[in-house]
Amino acid sequence: MNGHCNVKVNDTVEEFHSNNSFSDLLIDSKKSVVHRKHETSRKKDEDQSRLPALEAAYTSILRELGEDTDRQGLLRTPHRAAKAMQFLTKGYHETIEDILNNAIFDEDHDEMVIVKNIDVFSLCEHHLVPFFGKVHIGYIPNKKVVGLSKLARIVEIFSRRLQVQERLTKQIAVGISELCSQKGVAVVIEASHMCMVMRGVQKMNSRTVTSTMLGIYLEDPKTREEFLTLSRSA
Amino acid sequence: MEYQHDVEINGEDKYQNICKHNGLCKKEKDSKDDTDSNKLSHIEKAYTTILSELGEDVDREGLRRTPLRAAKAMQFFTKGYKETTQDILNDAIFDEDHDEMVIVKDIDLFSLCEHHLVPFFGKVTIWAYLPNKKVVGLSKLARRLQVQERLTKQIASAISEALEPAGVAVVIEAAHMCMVMRGVQKINASTVTSVMLGTFQDNPITRKEFLDLTIRK
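Since we're looking at a predicted model, the values are computed, not measured. (Residues numbered from 1 in each chain as written. Chains lettered and ligands numbered in written order. Predicted model: local features only at pLDDT ≥ 70, side-chain atom pairs only at ≥ 80, totals over all residues. Heavy atoms only, no water.)

Asks: For this particular structure, what's the right way to read the sheet that holds strand S5 (residues 162-163) of chain A?
Replies: Residue and element names in this part refer to chain A. What the five strands build is an open sheet, ordered S5-S2-S3-S6-S7; its pairing is mixed. Only two strands of the sheet have a single neighbouring strand rather than two, namely S5 and strand S7 (208-215). Where strand S6 (residues 182-193) lies against S7, eight bridges are found, and the strand directions are antiparallel. Bridge pairing links Ala186 to Met213 in S7. Sheet strands touched by helix H5 (residues 148-159): strand S2 (113-124), strand S3 (130-141) and S5. Its angle to S2, the strand with the most contacts, is close to 20°. Packing against the sheet, helix H6 (residues 165-177) makes contact with S2, S3, S5, S6 and S7, and its axis sits at approximately 155° to S6. (Pairing = 2+ DSSP bridges. Helix = DSSP H or I, 4+ residues; strand = E, 2+ residues; numbered from the N terminus. Contact = heavy atoms within 4.5 Å. Axes fitted to C-alpha atoms, helices over the stretch in contact; angles between N-to-C directions.)

Asks: What exactly am I supposed to notice about helix H2 (residues 47-64) of chain A here?
Replies: Note on helix geometry: an α-helix contains 3.6 residues per turn, so any two residues three or four positions apart are oriented the same way. Between its first and last C-alpha atoms H2(A) spans 25 Å; for 18 residues at 1.5 Å apiece the expected length is 26 Å, and the two agree. Of all the bends found along H2(A), the most pronounced is centred on A:Ala53 and spans about 25°. All buried positions along H2(A) are accounted for by A:Asp47, A:Leu51, A:Leu54, A:Ala57, A:Tyr58, A:Thr59, A:Ile61, A:Leu62 and A:Glu64. For H2(A), the elements touching its buried residues are helix H3 (77-88) of chain A together with helix H3 (36-53), helix H4 (66-77) and strand S3 (145-146) of chain B. (Expected span 1.5 Å × (residues − 1). Bend = angle between axes of the 7 residues up to and from the residue. Buried < 20%, exposed > 50% of the residue type's maximum accessible area, 1.4 Å probe, protein only.)

Asks: Looking at this structure, how should I read empty space enclosed by the protein?
Replies: Where empty space is left in the structure can be found by rolling a water-sized probe over the atoms. Counted by the stated rule, this structure contains two cavities of 30 Å³ or more. Looking at the largest cavity, its volume works out to about 250 Å³. Looking at the largest cavity, it is lined by 20 residues, and the ones nearest its centre are A:Met85, A:Leu128, B:Tyr47, B:Leu117 and B:Val118. Elements supplying a minimum of two residues to the lining of the largest cavity: H3 of chain A together with H4 of chain B. Here the residues of the lining of the largest cavity are counted per class, giving 18 nonpolar, two polar and no charged. (1 Å grid on protein atoms, 1.4 Å probe; cavity = no way out; pocket = protein on both sides within 12 Å on 5 of 7 lines; lining within 4 Å. Points joined across faces, edges and corners; volume = space filled by probe spheres on them. Nonpolar A, V, L, I, M, F, W, Y, C, P; charged D, E, K, R; others polar.)

This is the structure in structure tokens:
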């Protein structure tokens with residue numbers, strides 16, 4: 001996991017650990033280290049201008065695979081594949097600030113909030129083949145709650161990129177922890193990797209589970225266990 | 001490609017419209033001059049372009065060998081072009097007294113949608129009169145750029161032409177990532193296609209029996 005995680009994300013997590021209380025840590029969103037520099041360098045309005053190069057690359061791939069790029073079914077495939085790829089990596093031009101929309105509310109609630117079974121689709125950065133599954137998110141508010149759909153939108157921002165499941169899990173957790181001070185954040189992802197299912201070892205039923213626990217979820221085993229039990233029930 | 005060739009030789013036009021296959025055979029011959037490693041390096045270069053046009057940093061550790069891995073993966077996903085039904089159904093033993101129907105259900109199948117180059121996958125169920133073990137290899141025909149309707153027909157016609165059974169029925173139920181991960185984004189939608197040949201086509205009772213047992217609720 002160490003090899004996959006962005007070193008900057010690790011620094012942030014270490015900061016959490018060294019603080020006594022989660023709520024002491026207030027991260028200025030401008031200093032956010034969850035996004036790496038290149039991950040927000042792509043601008044949405046550049047997508048159109050990048051299409052021809054992507055299309056040419058896909059045409060080349062189809063030809064080198066031995067296909068006939070002039071046959072009816074493949075005529076517009078380079079264009080469609082290029083647009084599909086841009087859609088599947090649109091997270092690169094999204095930041096948390098973009099989607100937040102002031103959806104943080106004062107609420108006197110300090111019990112666990114869980115949003116589970118969020119469908120997640122991403123692309124493995126090693127083979128450019130999809131992996132997908134479910135995300136379960138839990139957090140314990142500290143006088144402020146987050147709009148529930150924002151949790152799902154944060155999953156979208158980080159999953160629509162070339163990813164490694166370990167890093168995706170951590171980025172979601174750290175991203176949520178930056179929204180407002182909470183007592184703890186927990187994220188679990190269970191996914192199936194097409195690079196293992198469709199090729200390579202070809203194990204159909206294998207699943208990969210990764211988790212990130214921050215704050216009280218890390219410190220207190222009972223809280224962690226409660227989250228894991230509630231998020232796994234049918 | 002194999003099917004069309006056989007059809008011409010036999011003079012049968014029964015399956016004429018089944019395989020509106022790409023002009024693949026021609027391209028295969030033309031590109032035989034290129035070595036495989038040449039093709040691989042061209043595909044690799046294309047993937048490097050794709051990565052940088054998507055805004056990624058191609059020099060970062062996780063992506064350094066990705067163009068090569070992605071190119072190899074893509075070649076694997078389309079290696080079905082080099083496999084023929086003869087290869088897969090080789091050494092089939094024809095036992096004329098053996099006329100029991102064989103059903104093979106839930107064969108895992110993975111393919112690539114030729115419109116978006118994104119996977120689709122699901123299960124194939126085949127009813128036919130033929131030796132059991134040969135049926136399973138047919139999912140290798142899916143390792144091509146495909147359209148689910150055409151894939152279903154190709155599997156059915158492959159069995160028919162190679163073994164001439166009294167009847168063949170093939171059903172594929174699959175999820176298309178191009179619909180699930182992008183576009184309409186309908187997670188639970190699945191696509192079902194079927195082809196019935198021989199007694200399954202002519203006899204409604206046999207067809208009904210097959211459909212009742214195969215189509216999931």
